[in-house]
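# Per-entry structural report
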Amino acid sequence: MTETPATTDGLDSAIAVVGMSGRFPGAPDLDAYWNNLADGVCSLTDFTEDELLADGADPQEIRGRDYVPTKGFLPDADRFDAELFGFNRTEATALDPQHRLLLQTAWTALEDAGYDPLDGPPRTGVYVGGAVTEHMLAAQTDPRLAASIGALQVRILTDREFLAPWVSYRLGLDGPSLTVQTACSTSLTAVHLAVQALLLGECDAALAGGVAVDTVRKRGYVHYQGGIFSPDGRCRPFDEQAGGTVPGNGAGVVVLRRLSDALADGDRVRAVIRGTAVTNDGATKVGFTAPGVDQQTAAIVEAWAAAGLDPADAQYLETHGTATQLGDRIEMAAATAAFKGAMGSRSIGIGSVKSNLGHLDAAAGVAAFIKSVLMLEHETLVPTVGATRPHPDLGFEDSPFYVVDRTAPWTRPERGPRRAGVSSVGIGGTNVHVVLEQAPPVAPPAADPAPAGPELLLLSARTRETLGDLAGRLASALAGEGAPSLADTAHTLRLGRTPMAVRAYAVAGDRADAVARLRELARGRDATCAEAGDGELRALGEAWLRGEQVAWTGPGRRVGLPAYPFAGESLGALDLSSRVPHEEQPAPAGQPSDDLETGVRALLAEALGLDSVDDPELTYFAAGGDSLTAVHLVGCLRDDFDIDVPITLFLEQLTLHEMARQIIAVKEAGGSEDSLDALLAEFEAE
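None of these values were measured; they are calculated from a predicted model. (Residues numbered from 1 in each chain as written. Predicted model: local features only at pLDDT ≥ 70, side-chain atom pairs only at ≥ 80, totals over all residues. Heavy atoms only, no water.)

Bringing the nonpolar core into the picture now. A general trend in soluble globular proteins is that nonpolar side chains are found buried together. Counting 74 residues, the largest nonpolar core has Phe80, Phe87 and Val167 as its most contacted members. The biggest single contributor to this core is helix H5 (residues 97-112), with seven residues. The residues touching Phe87, leaving out its near neighbours within four places in the chain, are Phe80, Ala82, Ala92, Leu95, Leu103, Leu157, Trp166 and Arg170. Ala27, Tyr33, Leu357 and Ala364 belong to the second largest nonpolar core, which has 50 residues in total. (Core = buried A, V, L, I, M, F, W, Y, C linked by side-chain atoms within 4.5 Å. Buried < 20%, exposed > 50% of the residue type's maximum accessible area, 1.4 Å probe, protein only. Helix = DSSP H or I, 4+ residues; strand = E, 2+ residues; numbered from the N terminus. Contact = heavy atoms within 4.5 Å.)

Written as structure tokens, this is what we have:
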């Protein structure tokens, strides 16, 4: 018998956080992220001169007096499991690294929620935003790339405008899909918009968050007197040594559902959003980039009012916390005014994750949000790194706040559950505040559960190596403290993972048995037989190995399990300094048939990212072709080969061999009326 949630009276308008995923400096996953937070680790990277030079940095710049060789660096930010997401190599190489990272983070967030990423909850919306990137700027100003795959395709693969649509398209999510942009507060604004959409019934689940990968290369920054960046490569919010922030990269996505739906469907509720609000400073501040007090205060007050609570009900406030003199002073004044009901108690902890990671731009808000959820889950407050002495000009003595400077238990309040506020502020004045509450307690079972029987554990991956990695991670998770039950593990593996080509299964009678058999799978050995297993389960397992979908209607809850271990290669990123002027090539004319076919086949290969089109069975769509690539190829064939090909040719299920032959046939027949010009003329007529 599974446990059931306790009562949730008064939470009709609450939103559940049912899944989370993040890639942050020093933390490839959220387990590592929590360990770093709890241990007070500063995850900023200090680069050596040799490291910077080896990664293409300007020698003159990095040897300048004001250059700071530090960043919240994200290793392997250019790695991407392209085939898993349906991109051919040409597309994947052109795709902006932050698009790649966001797709993988969204996939992992859905898995964390216990949902198959390619079969998520119905009417799932996407609300995400990103930063400006070096790759995007280089791609959109590179005439060679435009000539190779088409200017429109370049824009679609690199512009941050298409972050949300790519997630919706590749994961098959049919709810609203909005790319959000409010500068530094982007990802927390995305959370606010997702919450509002859920409450209005515009969607029934939502992915919300943000990503920032300005460059995948090792880079520091130049410190300017009076600027926002720290002179020594450290970020110390609210401290007397505070001198500014440090840039960083990262990505975070959360999965949200209405709390009533999440509880009814057996979701794992990680935390509850009680209220959110967004304001803008308008013209009430000293300058466009400066923050303002009044509307920061208003955002906090409105969010707690939406929750039906008083700000004094909080025990913790996660701030924007840039560690700039102006920013910290204004944020402190705004928070003190909003939390005046707790004045004199000094009972509300305050902190900022920027001390750990630096400023993650469009991903800053979601990094702070996820930190706060983890603290609620672990009932633990974590320190603001480097906060040794509060700045005397910030007025802590006249506020309800104290800076959390060490890891400590989060004491349960006398009334109500643990609660926290999360704030984010964007250049341009968009202020966001979110009220978070600890997940409702899970009531114990009404009666002793029946003895557990054997369970079928289904695993799959794209490659044998990745399958072994996944089995090993799952074994470690089940062997750890607080591991989920075997029944819930089996339930989540069956319903919450995408079936892939390479498969395995194990039948186990208890967790220890499961750990042993999964470790056998991790070593590449067979683990399909089990003394504890029964014939029906093994029959289902064998059907699974044959590639069949295994239907399952048994009881169970979705639980957190290790996510799919992406195994993509390093695809690099475009660099503004690497571009060279484009030289126009004369269009070939009057070529002999053999030379023409060679040229056409080479064009198809280049557009699809193939070494060649020699495989006689490979079709255009199997090679990653789509409608945009078809439009590009029609234009290239017309401009470079004087062949007017019907665009409908690329919509047929043809092998590339046959496609090349038909293109040559069109040339020999003198063209076609169903040309790109005709198609464009039809669009114009409509």
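And the narrative resumes.
Look at helix H12 (residues 293-306) against helix H13 (residues 325-338): their axes get within 8 Å of each other, and the N-to-C directions meet at 45 degrees. In this view, H12 runs oblique relative to H13, as classed from their interaxial angle. For the element pair H12 and H13, the recorded crossing hand is right-handed. Together, Val293, Gln296, Thr297, Ile300 and Val301 of H12 and Ile330, Glu331, Ala333, Ala334, Ala335, Ala337 and Ala338 of H13 make up the contact between the two elements. In the contact of H12 with H13, the residues fall into nine nonpolar, two polar and one charged. (Axes fitted to C-alpha atoms, helices over the stretch in contact; angles between N-to-C directions. Parallel < 35°, antiparallel > 145°, perpendicular 65-115°, else oblique. Left-handed = near helix turned anticlockwise from the far one by under 90°. Nonpolar A, V, L, I, M, F, W, Y, C, P; charged D, E, K, R; others polar.)

Before going further, it helps to spend a moment on the pairing of strand S21 (residues 455-461). Each regular strand shows side chains that alternate between the opposite faces of the sheet. Most of S21 sits out of view: seven of its seven residues are buried. Sheet analysis places S21 next to strand S22 (residues 502-508), joined by seven bridges and oriented antiparallel. Note that in S22 the partner of Ser460 across the bridge is Arg503. (Pairing = 2+ DSSP bridges.)

Right, let's get into H13. The end-to-end C-alpha distance of H13 is 20 Å, a good match for the 20 Å that 14 residues give at a rise of 1.5 Å each. The set of residues buried in H13 consists of Gly327, Asp328, Ile330, Glu331, Met332, Ala334, Ala335, Thr336 and Ala338. The inward-facing, buried residues of H13 abut H12, strand S13 (316-318), strand S14 (348-351), strand S16 (401-403) and strand S18 (419-425). (Expected span 1.5 Å × (residues − 1).)

Low pLDDT means the predicted coordinates in that region are not meant to be read closely. Taken over all residues, the pLDDT of the protein chain has a mean of 87, while the share at 70 or more is 89%. Here residues 1-8 is modelled with pLDDT under 50, and outside its nearest four sequence neighbours on either side it reaches 24 contacts, counting other chains as well. Note that residues 529-533 has pLDDT below 50 and, in this model, 12 contacts with residues that lie over four places away or in other chains. (pLDDT = per-residue confidence, 0-100.)

Moving on, we come to the side chain of Asp513. Assignment of secondary structure puts Asp513 in helix H18 (residues 511-522). Polar side-chain contacts of Asp513 include one of 3.0 Å to the backbone nitrogen of Gly509. Of the polar contacts made by the side chain of Asp513, one reaches the side chain of Arg517; its length is 2.8 Å. (Polar contact = N/O pair within 3.5 Å; in protein donor to acceptor, adjacent residues only side chain to side chain.)

Turning next to empty space enclosed by the protein. Going through the model one piece at a time under the given rule, you end up with four cavities of 30 Å³ or more. Taken as a whole, the largest cavity holds about 180 Å³ of empty space. Lining the largest cavity are 17 residues, and of these Leu458, Ser460, Leu470, Leu493 and Arg497 lie nearest its centre. When contributions to the lining of the largest cavity are tallied by element, the ones reaching two or more residues are S21, helix H16 (464-479) and helix H17 (486-495). With three residues, S21 is the largest single contributor of residues to the lining of the largest cavity. Among the residues making up the lining of the largest cavity, the classes are represented as 12 nonpolar, two polar and three charged. Space inside the second largest cavity adds up to approximately 70 Å³. Along the wall of the second largest cavity there are 14 residues; nearest its centre are Gln296, Ile300, Glu331, Ser423 and Val425. Put simply, the parts of the chain that give the lining of the second largest cavity at least two residues each are H12, H13, S18 and strand S19 (430-438). (1 Å grid on protein atoms, 1.4 Å probe; cavity = no way out; pocket = protein on both sides within 12 Å on 5 of 7 lines; lining within 4 Å. Points joined across faces, edges and corners; volume = space filled by probe spheres on them.)

Note that Arg270 resides in the loop between helix H11 (259-264) and strand S12 (271-280). Given the relative accessible area of 9%, Arg270 is considered buried. There is a polar contact of 2.8 Å between the side chain of Arg270 and the side chain of Asp112. Ignoring anything within four residues of it in the chain, the contact list for Arg270 reads Val17, Val18, Met20, Asp112, Val373, Leu374, Glu377 and Ala439.

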